[in-house]
Amino acid sequence: MTPMLYRATFMHTPLDPFREADALHVQEDGGLLIGGGVIRSSGDFAALHAAHPDAPVTDLRGGVLLPGFIDTHVHYPQVRIIGGLGMPLLDWLDRCALPEEARLADATYARAVAREFLGGLARNGTTTALVFGSHFAGAMDEFFDEAATSGLRTVAGQVVSDRMLRGELHTTPERAYAEGKALIERWHGQGRARYAVTPRFSLSASEGMLDACAALMREFPDVHFTSHLNENRAEIQTVRGLFPDARDYLDTYDRAGLLGRRSVFAHSVHTTDRELHVMAAHHCSAAHCPCSNSSLGSGLFPLGRHLAAGVHVALGTDVGGGTGFSMLKEGLQAYFMQQLQAGDRVALTPAHLLYLCTRAGAQALDLQDHIGDFGVGKAFDAVWLRPGAGSTLEAVLQHADSAPGTLAALYANGTQADVARVWVGGDPVYDRPHTPSGTAVPAGMP
Ligand SMILES: Nc1nc2[nH]cnc2c(=O)[nH]1
Ligand SMILES: [Zn+2]
């Protein structure tokens, strides 16, 4: 297959800015040579063009090309209930989330929701997501089918619970195991789909249910694990009562054998030092969901304590407790919340925000050798941010005097409207309607 040459100013974070200096790599008027969906070569456009004069050129000047965003916590059944403001977690679950999730018993309804959900990811430049699924196995088949059509990378699983929600959403450990096994055999590793074993949270999962999850993890060691952890004080109090022998919330998962390098725990707002130590020892990740934490009033995520303990952190939108699919907005909110920390503040730079939205997510999913940056050998998963003509963002970018300044402006001003095109594995998965193709370069744009 003839390789394609993409011409763009691109930025990525192949290094971890929390650990290394100069993690942000910027290539002005750069080139990425793509063959078979993979980056074969990268660098200065003129040099690459001279070396590969026959490669067709796609001109993406007039914007910035970033690695596709990776959302490490987002609920597929909750797309239609985004915006349920004014409640803490447990009330919001009862009043907003769970009644909607019960509707996914209907496969036709589930398919329509899956389509809306995947469209929301792609339109916002998210190319990979760790997706909290539905309680219904049929709804997961609809989801994976639609995900294959969308072209996005998804790591997703049936959500399982056997108490404290609503009867329709409860299952048994035996059925959870059997349905999970069938779903893994049907979908894990098919195309761009992977499977995540997903008990909703210890509040709604008995020890027997967590053991059934662990049995799946033992039988299929390369699947992922995700759940919620230490999001809200009332939730934590309830979990304490339900697991009197557990040392803490994390221990409810640990005792079942559910901690590992592919385990991602959403929120982790009120996590203790002991729990952080155990998470780090098992190479678990935390999915920080700052919009959701703000909306549900869950609290200020202790980023500094996670980093100091050596716990890997990525970002999640937590739709629908969160407020939408935009990882730009999520990154900005993560920054805001550090600004508001009284003591343990981590000053997040634009490089940190880009890392949290891309490579950090890849690492949380143990996919860092395949996606998350523009290194040679990585899949070409990318988002081209190009503000609309006459927009405020266009004006700001025209006057940005540095690459970090450009990136900061994208986080501060960028929205779904600025996402012009998105690729996964070299395949276009989203093209903004009614825009010129990007051949004209507005004066002063990078
Ligand atoms: N934010 C959030 N937390 C949860 N904990 C258990 N279920 C949920 C959910 O749907 N959203
Ligand atoms: Zn969640």
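Not measured: the values here are computed from a predicted model.

What counts and how
- Residues numbered from 1 in each chain as written.
- Chains lettered and ligands numbered in written order.
- Predicted model: local features only at pLDDT ≥ 70, side-chain atom pairs only at ≥ 80, totals over all residues.
- Heavy atoms only, no water.
- Helix = DSSP H or I, 4+ residues; strand = E, 2+ residues; numbered from the N terminus.
- Rg over C-alpha atoms; globule rule 2.2 N^0.38 Å.
- Buried < 20%, exposed > 50% of the residue type's maximum accessible area, 1.4 Å probe, protein only.
- Contact = heavy atoms within 4.5 Å.
- Areas by Shrake-Rupley, 256 points an atom, 1.4 Å probe, with all protein chains shown as cover.
- Lys, Arg positive; Asp, Glu negative; His and termini not counted.
- Charge placed at Lys NZ, Arg CZ, Asp CG, Glu CD.
- Near = heavy atom within 4 Å.
- Polar contact = N/O pair within 3.5 Å; in protein donor to acceptor, adjacent residues only side chain to side chain.
- Nonpolar A, V, L, I, M, F, W, Y, C, P; charged D, E, K, R; others polar.
- Domains from an automatic or database assignment.
- Buried area = accessible area lost by both parts, 1.4 Å probe.
- Salt bridge = Lys/Arg side-chain N within 4 Å of Asp/Glu carboxyl O.
- Donors = N, O, S within 2.8 Å, 3.2 Å for Na, K, Ca; no water.
- Tetrahedral: all angles 85-135°; square planar, octahedral: opposite > 155°, others 65-115°.
- Pairing = 2+ DSSP bridges.

**Q** What is the right way to read the overall build of the protein from this model?
**A** Each helix and strand counted, the protein has 16 helices and 17 strands in total. Here the protein has a C-alpha radius of gyration of 21 Å; the compact-globule value for 446 residues is 22 Å, and the two agree. Taken along its principal axes, the extent of the C-alpha atoms in the protein is 65 × 50 × 35 Å. Scored against the burial criterion, the 446 residues of the protein give a buried share of 62%. Partitioning the intrachain contacts of the protein with sequence separation of at least 6 by distance along the chain shows that 75% fall at a separation of at least 24. Total accessible area computed for the protein in this model is approximately 16000 Å², and 52% of it derives from carbon and sulfur atoms. The centroid of the 35 positive side-chain charges in the protein is displaced by 1 Å from the centroid of its 48 negative side-chain charges.

**Q** What am I meant to see in the site of ligand 1 here?
**A** Around ligand 1, the neighbouring residues are His75, Gln78, Leu89, Trp92, Leu93, Arg200, Phe201, His228, Glu231, His267, Leu296 and Asp318. Between ligand 1 and Gln78, the relevant distance is 2.8 Å, taken from an oxygen atom to a side-chain nitrogen or oxygen of the residue. One of the side-chain N or O atoms of Arg200 is found 2.6 Å from an oxygen atom in ligand 1. Relative to its unbound accessible area of 280 Å², ligand 1 is 100% covered by the protein chains. The element best represented in the shell around ligand 1 is helix H2 (residues 89-102), accounting for 3 residues. Split by residue class, the shell around ligand 1 holds 5 nonpolar, 4 polar and 3 charged.

**Q** Could you clarify how one ought to interpret the domain arrangement of the protein in this entry?
**A** Bring the parts together and some accessible area is lost; that lost area is often taken as the interface size. Looking at the assigned domains, one finds that the protein contains domain 1 (4-67 + 373-441) and domain 2 (69-364). A straight line from the C-alpha centre of domain 1 to that of domain 2 covers 29 Å. Facing the 35 residues of domain 1 at the interface are 30 residues of domain 2. Carbon and sulfur atoms make up 67% of the surface buried where domain 1 meets domain 2, a total of about 2600 Å² over both sides. The salt bridge involving Arg192 is made with Asp427; its shortest N-O contact spans 2.8 Å. Our count for the contact surface shared by domain 1 and domain 2 stands at 11 residue pairs in polar contact (both at pLDDT 80 or more).

**Q** Explanation requested: the coordination of the zinc ion (ligand 2) in the structure shown.
**A** Four donors placed tetrahedrally about a metal ideally form angles of 109.5 degrees, and six donors placed octahedrally ideally form angles of 90 or 180 degrees. Distances from the zinc ion (ligand 2) to its protein donors, His73 (NE2), His75 (NE2), His228 (NE2) and Asp318 (OD), fall within 1.9 to 2.4 Å. Here the zinc ion (ligand 2) binds 4 donor atoms, and the angle range of 88 to 169° at the metal identifies the geometry as irregular. In terms of primary sequence, the donors binding the zinc ion (ligand 2) are separated according to H-x1-H-x152-H-x89-D.

**Q** Teacher, can you tell me more about the pattern of salt bridges here?
**A** Two side chains of opposite charge can pair, provided their charged atoms sit close to one another. For the coordinates displayed, the defined rule picks out 26 salt bridges. The partner of Glu185 in a salt bridge is Lys181, and the shortest N-O contact between them spans 3.4 Å. Residue Glu185 and its partner Lys181 are located together in helix H5 (residues 173-187), separated by 4 residues, close to a single helical turn. Of the charged contacts, one joins Glu219 and Lys181 as a salt bridge, the two residues approaching to 2.6 Å between their closest N and O atoms. Taken together, the residues span a long stretch of sequence, with Glu219 in helix H6 (residues 207-219) and Lys181 in helix H5 at a distance of 38 residues.

**Q** Where do I start with the pairing of strand E6 (residues 69-75) in this structure?
**A** Looking down a regular strand, the side chains alternate between one sheet face and the other. E6 sits mainly inside the fold: 7 of its 7 residues count as buried. Of the strand pairs in this sheet, E6 and strand E7 (residues 126-132) are connected by 5 bridges, and their pairing is parallel. Paired with Val74 across the two strands is Val131, which belongs to E7.

**Q** Explanation requested: unusual backbone geometry in the structure shown.
**A** Across residues other than glycine, the phi torsion is negative in most instances, and most of the peptide bonds are trans. The peptide bond linking Val319 to Gly320 adopts the cis configuration, its omega dihedral lying at 0°. One can find Gly320 in the loop between strand E14 (312-315) and helix H12 (327-339). Although it is not a glycine, Ser268 sits at a positive phi angle of roughly 50°. With respect to the helices, strands and loops of the structure, Ser268 is situated in the loop between strand E12 (263-267) and helix H9 (273-281).

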